[in-house]
Amino acid sequence: MIKAVIFDLDGVLVTTDELHYLAWKSLADDLGITTFTKEDNVRQRGVSRMASLEIVLEKTPTKYTDEQKLELAEKKNTIYVKSLEGLSAEDLLPGVKDFIAFLKVKSIKTAIGSASKNTPMILEKTGIKYDFDAISCGLDTTKSKPDPEVFLIAAQKLGLKPTECVVIEDSDAGIQAAKNGGMYAVAVGAAMNNPLADYKAESIDSWDYRNCDLFM
Ligand code: B16
Ligand code: MG
């Protein structure tokens, strides 16, 4: 029996995945990189800020020092955080609140497992900060998904074994991380075709979780 659901944040609970893309695109434009696409952005899902930057820099022959890379990542984050100014509960993805309410009724714990260091701000702005029993994010970790660290920390904070947890993810790196950590994995959105996932759905809203054996 499942005792907890660990949610990825960007692209699973909130629409911030698009804002990440726009901020990276803006940085790429500034660097004269014209070939950065949505497909490149799909590979940035779930991975850390610095790993995401490397995906942008693959597109240029210019070599940057580690110090310059930190500056570029900071520049992108400034653009991204500015774009979060107007974020509100309206930016939660459809069905999220209902699913959290369903889990509460079933006494199933909930946690966040996000690579984002902006997690506290996003939870605050969208008004869901108090909906979770534990929060594990980029501020707690040293390793990027597909390493399972962020999810193992979430399980630890909940006081549960990995096998008692199910992860909901929209990134291939995140699905791989959940499986590397010995957890069940539900793939939504961009990760939907990932063969490693135990369950798949277009989105939380379209997932028939009420009839899923995980919660029986
Ligand atoms: P930040 P998630 C991830 O969040 C994003 O999917 C990924 O695109 C981003 O690079 C990463 O957070 C780090 O975010 O720059 O805000 O610290 O999907 O794991 O919730
Ligand atoms: Mg995500």
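Below, the structure is looked at part by part. (Residues numbered from 1 in each chain as written. Chains lettered and ligands numbered in written order. Predicted model: local features only at pLDDT ≥ 70, side-chain atom pairs only at ≥ 80, totals over all residues. Heavy atoms only, no water.)

## Thoughts on the layout of surface pockets
Okay, so step 1: The calculated volume of the largest pocket comes to roughly 560 Å³.
Okay, so step 2: Looking at the largest pocket, it is lined by 28 residues, and the ones nearest its centre are Val47, Ser48, Arg49, Ala115 and Ser116.
Okay, so step 3: Within the residue set of the lining of the largest pocket, elements represented by two or more residues are helix 1 (16-30), helix 2 (38-44), helix 3 (49-57) and helix 4 (66-83).
Okay, so step 4: Here the lining of the largest pocket is built from residues that sort into 5 nonpolar, 14 polar and 9 charged.
Okay, so step 5: In this model, the second largest pocket occupies a volume close to 160 Å³.
Okay, so step 6: Looking at the second largest pocket, it is lined by 15 residues, and the ones nearest its centre are Gly11, Val12, Leu93, Glu202 and Ser203.
Okay, so step 7: Of the residues contributing to the lining of the second largest pocket, the split by class is 7 nonpolar, 3 polar and 5 charged. (1 Å grid on protein atoms, 1.4 Å probe; cavity = no way out; pocket = protein on both sides within 12 Å on 5 of 7 lines; lining within 4 Å. Points joined across faces, edges and corners; volume = space filled by probe spheres on them. Helix = DSSP H or I, 4+ residues; strand = E, 2+ residues; numbered from the N terminus. Nonpolar A, V, L, I, M, F, W, Y, C, P; charged D, E, K, R; others polar.)

## Brief notes about the sheet that holds strand 5 (residues 184-188)
Okay, so step 1: The strand order 3-2-1-4-5-6 describes an open sheet built from 6 strands, whose pairing is parallel. Each of the sheet's edge strands pairs with one partner strand only, and the pair in question is strand 3 (134-136) and strand 6 (199-201). Mean inter-strand twist for the sheet, computed between neighbouring axes without regard to direction, equals 20 degrees.
Okay, so step 2: Note: strand 1 (residues 4-7) against strand 2 (residues 109-113), 4 bridges, orientation parallel. Counted as the bridge partner of isoleucine 6 is alanine 111 from strand 2.
Okay, so step 3: The strands touched by helix 7 (residues 149-158) are strand 1, strand 2, strand 3 and strand 4 (165-169); relative to strand 3, the strand with the most contacts, the crossing angle is about 155 degrees. (Pairing = 2+ DSSP bridges. Axes fitted to C-alpha atoms, helices over the stretch in contact; angles between N-to-C directions. Contact = heavy atoms within 4.5 Å.)

## Thoughts on the packing of aromatic side chains
Okay, so step 1: One pass over the full model with this rule turns up 11 aromatic pairs.
Okay, so step 2: Look at phenylalanine 99 and phenylalanine 102: their rings are 6.2 Å apart centre to centre, the planes differ by 15 degrees, and that puts the pair in the stacked class. One end of the pair is phenylalanine 99 and the other is phenylalanine 102, both in helix 5 (residues 96-105) and 3 residues apart, which spans about a single turn.
Okay, so step 3: By relative accessible area, phenylalanine 99 is classed as buried at 0%.
Okay, so step 4: By relative accessible area, which is 11% here, phenylalanine 102 ends up buried.
Okay, so step 5: Ring centres of phenylalanine 102 and phenylalanine 215 lie 5.8 Å apart, and the angle between their planes is 85 degrees; this geometry places the pair in the edge-to-face category. A residue pair is termed long-range when its members are at least 10 positions apart, and phenylalanine 102 in helix 5 and phenylalanine 215 in the segment after strand 6 qualify at 113 residues.
Okay, so step 6: One aromatic cluster in this structure is built from Phe7, Phe99, Phe102, Phe132, Trp207, Tyr209 and Phe215.
Okay, so step 7: Over the ring of tyrosine 80 we find lysine 76, and its NZ or CZ is 4.5 Å from the ring centre. (Phe/Tyr/Trp six-rings, centres within 6.5 Å; stacked < 30°, edge-to-face > 60°. Buried < 20%, exposed > 50% of the residue type's maximum accessible area, 1.4 Å probe, protein only. Lys NZ or Arg CZ within 6 Å of the ring centre and 35° of its normal.)

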